[in-house]
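What the coordinates show
One letter stands for each residue in the lines below.
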Protein chains: 2
Amino acid sequence: MGSLSLDMPMKPLDPHAIAGDSQAIQDFLAEYYRNVDKYPVRAADLEPGRVRKLLPDAAPEHGEPMDHILEDVRREILPGLTHWQSPRFFAFFPANASSAGLAAEMLSVGLNVVPFVWAASPAAAELESVVVDWMARLFGLPRRFLFFGGGGGVLQGSTCEAVVCTLAAARDRALGRLGHEAIARLVVYASDQTHATFQKGARLVGIKPSNFRVIRTSAASGYGLTAEAVRAAVDRDVGLGLVPLYLCATVGTTGLGAVDPVREIGEEARRHGMWVHLDAAYAGSAAICREFQDYLDGAELADSVSMNPHKWFLTNMDCCCLWVARPRDLISALSTDPEYLKNVGADDDVAGKPAAIDYKDWQISMSRRFRAIKLWVILRRYGAAGMRAHIRRHVAAAKWFEQRVAADERFEVVVPRTFSLVCFRLAPRVGRDDDDATNHVNRDLLAAVNASGRAFMTHFVVDGKFVIRLAVGGASTELQHVMEVWDLLQGKAVEVLQHYQT
Amino acid sequence: MGSLSLDMPMKPLDPHAIAGDSQAIQDFLAEYYRNVDKYPVRAADLEPGRVRKLLPDAAPEHGEPMDHILEDVRREILPGLTHWQSPRFFAFFPANASSAGLAAEMLSVGLNVVPFVWAASPAAAELESVVVDWMARLFGLPRRFLFFGGGGGVLQGSTCEAVVCTLAAARDRALGRLGHEAIARLVVYASDQTHATFQKGARLVGIKPSNFRVIRTSAASGYGLTAEAVRAAVDRDVGLGLVPLYLCATVGTTGLGAVDPVREIGEEARRHGMWVHLDAAYAGSAAICREFQDYLDGAELADSVSMNPHKWFLTNMDCCCLWVARPRDLISALSTDPEYLKNVGADDDVAGKPAAIDYKDWQISMSRRFRAIKLWVILRRYGAAGMRAHIRRHVAAAKWFEQRVAADERFEVVVPRTFSLVCFRLAPRVGRDDDDATNHVNRDLLAAVNASGRAFMTHFVVDGKFVIRLAVGGASTELQHVMEVWDLLQGKAVEVLQHYQT
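Given the structure is predicted, the values throughout are model-derived calculations rather than measurements.

Before going further, it helps to examine the overall build of chain A. Along the backbone of chain A there are 14 helices and eleven strands. Against the 2.2 N^0.38 benchmark of 23 Å for 502 residues, chain A shows a C-alpha radius of gyration of 25 Å, consistent with a compact globule. Projected onto its principal axes, the C-alpha coordinates of chain A cover approximately 80 × 70 × 45 Å. Relative to its full complement of 502 residues, chain A shows a buried share of 68%. At a minimum sequence separation of 6, the contacts of chain A that also span at least 24 residues come to 76%.

Shown next, in the form of structure tokens:
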């Protein structure tokens, strides 16, 4: 592990160097996870530019031992991180890590093969086709999304990629019929609860920004879309000579965990030949439990489905499963066939055989990592039963928290919980319904909790109400941590309410 | 490391579990790298569907110990992999791995933070801004691409992502002026040597396929673009009322390692207000050596530059540096600002401060990995001097090979080598100039070499000639391996030529 010089031949893949550098990180991470609960979840004294100022302006001329580098990580980097793996991280959605996920990513990164075409690593491409079928079965997806059933899946990095790819497939299918000039007449639909990724993706593929329809939802439908609202929006556009292209349905929205009724709105969209995408980025993981599979009812009406194992499925960043019912649509929009990717050798005649999947034609990028082995190792290490237990303990903890909130007259549950996300706030004071004042109190409450370093939560705004989100799902989050955050919230609530009463 | 059951509470981040699972992989990888040179670089008896058939149709119900899983990796997966880390892998471009790269990725994946907005992990965002500045300095990029100089960089996953993002930025800048309907009049330019990623990216962002201009190159310019050819193409389009949007210049093309003269064509493009992107995916790494920096001359005329440390810079998959001169253009095209990403707490007033970079607005996806710490650890572990030595030993080995080829009258160098890629073939037989026959012989030669399992190379076709590519650059590839592949080629050439003479 000494420093490197020009005199010494570099052996970057020497087994001793691999063992030495890896061992240093392994020890570092064991220490990190022993202490992660002690760090402020989010550093309280944040100030932009502070870390940048600590670091030199240029890379070092000479190599350094790993231990020196890790010393700087401890001193300069760790204090400025938000600790997503703290058991007290309840912000955004969880980004699960696990011992098997870390190990599996080491294996993927260690082998470092690039399965962009089948022949570039046949076993990697085939393992991917197997593992996406495994996942589809675990979630009870319709057979049409399995390779086994004529569809198929791919592992990408994020929902945004999946949305871009399926939007491009839908767009090119439509433009193949209408001509490219019709691009300005294509319209896409989602709700006011749909993730911002959708508008970003639609814009990326060239949909006219004024043709994004953001359909209003309300408490009456639990902030899910309704068939009536979709129909009204689509009929209006058809009347204007526009072309309905793509509807994004969400099971478990980011703000509130709301659920769009897939069957109802899928039937509506189908009437107009629209592409229906089902985004289950967060809540899809819950569908490994039978009691949550009904939320995917109607999935057979969708053209594509995606979910992120890197959220709540013990899979370290990054991994997004995308399934399509008709791979040909996706491949038509994304394929390339340059000379330097044709293969010469024993497999001259395999091109076009269905089992020889060139995954570069299923995604944005040509190059790609060996994500399949990551997800495969995780599924084998924990098994379906282990995953169900992981999901259920968080749902149970969220349920416990929701009950406490509901039973405390100072608080209210703003939207009933479906999965492991609780949306709540300090209730308006009796006899008043001043949302501005209530919002201020809640904003202060959230700021006080986050400033304590003992928990990190984020917020949402719905119908003018500032809502605090407790997203349970961290890999090491137990009921005990949820109980402690409830204590913390009650304590800070007393302080904040006192402040407003004086 | 025993199997998991519902009776046992799951502790996916228990330090003992982390140590146990990681150690199993560490041992596995040490063994793999001790033996990697003994595997056939590419399995010879490939048959699509073989691996798929070995694996069960469904995920296991119960978890398994890591050792069992790794036993299956050895038996079912390894024999079907193409071993990109073999020192005898000369195909495509290299995908470097290294002990520091593996360790650094472990660290990134182990911390598993998601620095999509500054506040989601301030130190991660700031480290990224530092490390892209370090890289720009190492390659001698103009100051305008550094944060330090008003520009800035981001770490993405691939060149294709970088191309999509910059195309979207260029497109939206133009459409902001011309209105969205003008999208069908936008024209993009590249050469017949530009990577297929470019046409894929242009199509993704909605450029009309008939508006991709593929400008012919020839041996006379070393298969680089010329200002004259660019001017002729652009003038023709302007005459037709079309709008020149974007020119992709490449330093080190995929097929032949050709170099577009950035200054000449950059000036031409600038005359029409086009966005110029400089793609140095592979050869950019060489610019860490002073003797290769002149190939980037004229980079100050570009709007964006990208290169992939995951190719030839000892960085395990994946990592692409993208620099832009005007971050505002990129952010305008890619930003989103939903309520659930606004931050509440001590940093309420940091939004908009330049040091608080929200990297989600610099890329396609919202979520992202902590790639900065990977590249930062690698740069510190090997230092600039170590990286230069790494590049130079491959360039020297490629030069050695090129000289042997040139000195052997049976062979010819088809395009003079610039970096570490040698493009050669068996020469046409004396007195004949039948390219079809010569192509057959070379195709058979490449197939014979690849079938031997002792090396893996790929090919290209230029001016009707089938060319064999020797891409030197594997992290463990030494001169000795290049010498051995030259012996192998000579032996197979004798066999193949005998076959054709009988």
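This part takes up the interface of chain A and chain B. Counting residues at the interface gives 177 residues for chain A, matched by 178 residues for chain B. In total, chain A and chain B occlude about 15,300 Å² of area from one another, counting both sides; carbon and sulfur atoms represent 65% of this. Our count for the contact surface shared by chain A and chain B stands at 18 salt bridges. Of the charged contacts in the structure, one is a salt bridge between Asp21 of chain A and Arg381 of chain B, with a shortest N-O distance of 3.1 Å. At the boundary of chain A and chain B, one finds 86 residue pairs in polar contact (both at pLDDT 80 or more). A class-by-class count of the residues in the side of chain A that touches chain B yields 99 nonpolar, 42 polar and 36 charged.

Here we take up helix H1 (residues 15–35) of chain A. Look at H1 of chain A: 30 Å from first C-alpha to last across 21 residues, which is about the 30 Å you get at 1.5 Å a residue. Regarding H1 of chain A, the residues found buried are Pro15, Ile18, Asp21, Ser22, Ala24, Ile25, Gln26, Phe28, Leu29, Ala30, Tyr32 and Tyr33 of chain A. Contact partners of the buried residues in H1 of chain A: helix H3 (66–77) and helix H4 (99–111) of chain A together with helix H1 (15–35), helix H4 (99–111) and helix H12 (371–407) of chain B. The N-capping residue of H1 of chain A, defined by a side-chain oxygen 2.9 Å from the backbone nitrogen of His16 of chain A, is Asp14 of chain A.

A word on the side chain of Asp21 of chain B. Along the polypeptide, Asp21 of chain B turns up in helix H1. With a relative accessible area of 1%, Asp21 of chain B lands in the buried category. At 3.5 Å, the side chain of Asp21 of chain B and the backbone nitrogen of Ala100 of chain A are in polar contact.

Another aspect to go through is the packing of aromatic side chains. By the definition in use, this model includes 48 aromatic pairs over all chains. Seen from their ring centres, Phe93 of chain B and Tyr282 of chain B are 3.9 Å apart, and the 15° between their planes marks the pair as stacked. Taken together, the residues Phe93 of chain B in the loop between helix H3 (66–77) and H4 and Tyr282 of chain B in the loop between strand E5 (275–279) and strand E6 (304–307) connect sequence positions 189 residues apart. Taken as a pair, Phe93 of chain B and Tyr282 of chain B share a single burial class, namely buried. A ring pair is formed by Phe401 of chain B and Phe424 of chain B, whose centres lie 5.2 Å apart and whose planes are at 70°; its orientation type is edge-to-face. One end of the pair, Phe401 of chain B, is in helix H12; the other, Phe424 of chain B, is in strand E9 (residues 421–426), and 23 residues separate them in sequence. Exposure remark for Phe401 of chain B: the relative accessible area of 0% places this residue in the buried category. An aromatic cluster is present here, built from Phe93, Tyr282, Phe292, Tyr295, Trp312 and Phe419 of chain A joined pairwise through their rings. Between Arg469 of chain A and the ring centre of Phe93 of chain A, over which it is positioned, the NZ or CZ distance is 5.2 Å.

Side-chain positions along a regular strand alternate between the two faces of the sheet. All names here are of chain B. The buried count for strand E7 (residues 320–324) comes to five of five residues, which makes it a mostly enclosed element. Of the two faces of E7, the one carrying Cys320, Leu322 and Val324 and the one carrying Cys321 and Trp323 are both buried. As paired elements, strand E1 (residues 152–156) and E7 share five bridges and run antiparallel to each other. Within E7, the position partnered with Val154 by the bridge is Leu322. Sheet topology note: the E6/E7 ladder contains four bridges and is antiparallel. Considered in E7, the bridge of Ser304 is made with Val324.

With that out of the way, let us pick up the nonpolar core. If you look at the biggest cluster of nonpolar residues, it comprises 332 residues, and the most contacted ones within it are Phe139 and Trp323 of chain A together with Phe139 and Trp323 of chain B. When residues no more than four places from it in sequence are discounted, the contact partners of Phe139 of chain A are Gly284, Ser285, Ala287, Ile288, Gln293, Leu296, Met307, Phe313 and Trp323 of chain A.

Right, let's get into the relation of the copies chain A and chain B. Put simply, the second copy of the chain is the first one after a rotation about an axis and a shift along it. When chain A is fitted onto chain B, the two copies agree to an RMSD of 0.0 Å after a turn of 180° and an axial shift of 0.0 Å. When the rotation and shift are considered jointly, the pair of chain copies conforms to a two-fold rotation axis. Interface overlap between copies: 100% of the residues of chain A at the interface are likewise at the interface in chain B, consistent with a symmetric, same-surface contact.

Among the residues of H3 of chain B, those classed as buried are Met66, Ile69, Leu70, Asp72, Val73, Glu76 and Ile77 of chain B. Down the axis of H3 of chain B, the sector holding all buried residues measures 155°, keeping them to one side. In this structure, the buried residues of H3 of chain B make contact with H4, helix H5 (122–138) and helix H12 (371–407) of chain A together with H1 and helix H2 (50–54) of chain B.

Within the secondary structure, Val413 of chain B is located in strand E8 (residues 411–415). Distance from Val413 of chain B to Ala427 of chain B, taken between C-alpha atoms, is 8.7 Å for residues 14 residues apart in sequence.

All right, on to the UniProt feature "modified residue: N6-(pyridoxal phosphate)lysine" (unreviewed entry) in chain A then. All names here are of chain A. The sites that UniProt annotates as "modified residue: N6-(pyridoxal phosphate)lysine" (unreviewed entry) are Lys311. When you line up the elements, Lys311 lands in helix H10 (residues 309–312). Lys311 has contacts with Phe93, Pro94, Ala95, Asn96, Ala281 and Tyr282, leaving out every residue within four places of it along the chain.

The strands making up a sheet are joined through hydrogen bonds of the backbone, oriented either antiparallel or parallel. Residue and element names in this part refer to chain B. Here we have four strands laid out as an open sheet, ordered E8-E9-E11-E10, and antiparallel in their pairing. Every other strand in the sheet has two partners, leaving E8 and strand E10 (458–462) as the edge strands with one partner each. Here the average twist between neighbouring strands, direction ignored, is 45°. Of the pairings in the sheet, the one linking E10 to strand E11 (residues 465–471) comprises five bridges and is antiparallel in character. Within the sheet, the bridge partner assigned to His459 lies in E11 and is Ile468.

Basis of the calculations
- Residues numbered from 1 in each chain as written.
- Chains lettered and ligands numbered in written order.
- Predicted model: local features only at pLDDT ≥ 70, side-chain atom pairs only at ≥ 80, totals over all residues.
- Heavy atoms only, no water.
- Helix = DSSP H or I, 4+ residues; strand = E, 2+ residues; numbered from the N terminus.
- Rg over C-alpha atoms; globule rule 2.2 N^0.38 Å.
- Buried < 20%, exposed > 50% of the residue type's maximum accessible area, 1.4 Å probe, protein only.
- Contact = heavy atoms within 4.5 Å.
- Buried area = accessible area lost by both parts, 1.4 Å probe.
- Salt bridge = Lys/Arg side-chain N within 4 Å of Asp/Glu carboxyl O.
- Polar contact = N/O pair within 3.5 Å; in protein donor to acceptor, adjacent residues only side chain to side chain.
- Nonpolar A, V, L, I, M, F, W, Y, C, P; charged D, E, K, R; others polar.
- Expected span 1.5 Å × (residues − 1).
- Phe/Tyr/Trp six-rings, centres within 6.5 Å; stacked < 30°, edge-to-face > 60°.
- Lys NZ or Arg CZ within 6 Å of the ring centre and 35° of its normal.
- Pairing = 2+ DSSP bridges.
- Core = buried A, V, L, I, M, F, W, Y, C linked by side-chain atoms within 4.5 Å.
- Least-squares fit on C-alpha atoms with pLDDT ≥ 70 in both.
- Arc of directions from axis to C-beta.
- UniProt positions renumbered as here; feature names shortened; annotations may be inferred.
- Axes fitted to C-alpha atoms, helices over the stretch in contact; angles between N-to-C directions.

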